Amino acid sequence: MLDFFISPAMAQDAGGAGGGMAQIIMLVGFVLIFYFLLWRPQAKRAKQHRELVGGLSKGDEVVIGGGLLGRITKVGDDFITLEIADNTEVNVQKSAVANVLPKGTIKSI
């Protein structure tokens, strides 16, 4: 009674070899899309941030991730000291620096 299913099943199994190649091509396509749209741009941003953090020096005016604006008064290995107001200094991690501002941006400190 179920003998009519055997013939299409055998035919489908015999034609499956070409489908394997299509799956490999699709997998490679997904890997390339992932690389060019996600991994490569993120690696580029991380490299730029490492260069930014590595180039920090005393007197630079910076903004940290939380929006705090200040002038660097001391640079250590992992931390910097920011002057955020007259006689007010805070220590923050170097990695928290989001951007270096042009000189003269902060006028009131």
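The rules behind the values
Residues numbered from 1 in each chain as written. Predicted model: local features only at pLDDT ≥ 70, side-chain atom pairs only at ≥ 80, totals over all residues. Heavy atoms only, no water. Helix = DSSP H or I, 4+ residues; strand = E, 2+ residues; numbered from the N terminus. Polar contact = N/O pair within 3.5 Å; in protein donor to acceptor, adjacent residues only side chain to side chain. Contact = heavy atoms within 4.5 Å. UniProt positions renumbered as here; feature names shortened; annotations may be inferred. Buried < 20%, exposed > 50% of the residue type's maximum accessible area, 1.4 Å probe, protein only. Phe/Tyr/Trp six-rings, centres within 6.5 Å; stacked < 30°, edge-to-face > 60°. Pairing = 2+ DSSP bridges.

Enquirer: Even after reading the chapter, I still don't get the side chain of Glu 61, so can you show me in this structure?
Expert: Within the secondary structure, Glu 61 sits in strand E1 (residues 61-64). For Glu 61, the side chain forms a polar contact with the main-chain nitrogen of Ile 106, separated by 3.1 Å. Excluding residues within four positions of it along the chain, Glu 61 makes contact with Gly 70, Arg 71, Asn 99, Val 100, Leu 101, Pro 102, Lys 103, Gly 104, Thr 105 and Ile 106.

Enquirer: Looking at this model, I keep getting lost on the UniProt feature "transmembrane region" (unreviewed entry) in the chain. Mind explaining?
Expert: Taking the numbering used here, the UniProt-annotated feature "transmembrane region" (unreviewed entry) corresponds to residues 20-39. For the annotated span residues 20-39, helix accounts for 100% and strand for 0% of the residues, and the straight-line distance between the end C-alpha atoms is 27 Å.

Enquirer: Even after reading the chapter, I still don't get unusual backbone geometry, so can you show me in this structure?
Expert: Excluding glycine, most residues fall at negative phi; most peptide bonds, likewise, are trans. If you check the backbone angles, Asn 87 has positive phi at about 60° while not being a glycine. The exposed category is assigned to Asn 87, whose relative accessible area is 80%.

Enquirer: I would appreciate a short explanation of the packing of aromatic side chains in the present structure.
Expert: Geometrically, a pair of aromatic rings is defined through the distance of the ring centres and the angle of the planes. Applying the stated criterion across every chain, the model contains 2 aromatic pairs. When the ring of Tyr 35 is compared with that of Phe 36, the centres are 5.0 Å apart and the planes differ by 80°; the resulting orientation is edge-to-face. Exposure remark for Tyr 35: the relative accessible area of 34% places this residue in the partly exposed category. Residue class for Phe 36 comes out partly exposed when judged on its relative accessible area of 45%. An aromatic cluster of at least three residues, connected via ring pairs, comprises Tyr 35, Phe 36 and Trp 39.

Enquirer: What am I meant to see in the pairing of strand E2 (residues 69-75) here?
Expert: Along a regular strand, successive side chains alternate from one face of the sheet to the other. Both E1 and E2 contribute to a ladder of 3 bridges, which runs antiparallel. Residue Val 63 lies in a different strand from E2, and its bridge partner there is Leu 69. Counting the residues in the hairpin turn of E1 and E2 gives 4 residues, including Gly 67, whose phi is positive at 95°. With 4 bridges connecting them, E2 and strand E3 (residues 79-85) associate as antiparallel partners. When the sheet's bridge partners are listed, Ile 72 is paired in E3 with Leu 82. Where E2 folds back on E3, the antiparallel hairpin that results is connected by 3 residues.

Enquirer: When you look at the environment of Val 97 in this model, what are you seeing that I'm missing?
Expert: Tracing the backbone shows Val 97 in strand E5 (residues 97-101). Take Val 97: its relative accessible area is 1%, and that puts it in the buried class. Note: C-alpha distance between Val 97 and Gly 65 (32 residues apart in sequence) is 6.1 Å. Those residues within four positions of Val 97 in sequence are excluded, and the remaining contacts are His 49, Leu 52, Leu 56, Val 62, Val 63, Ile 64 and Ile 80.

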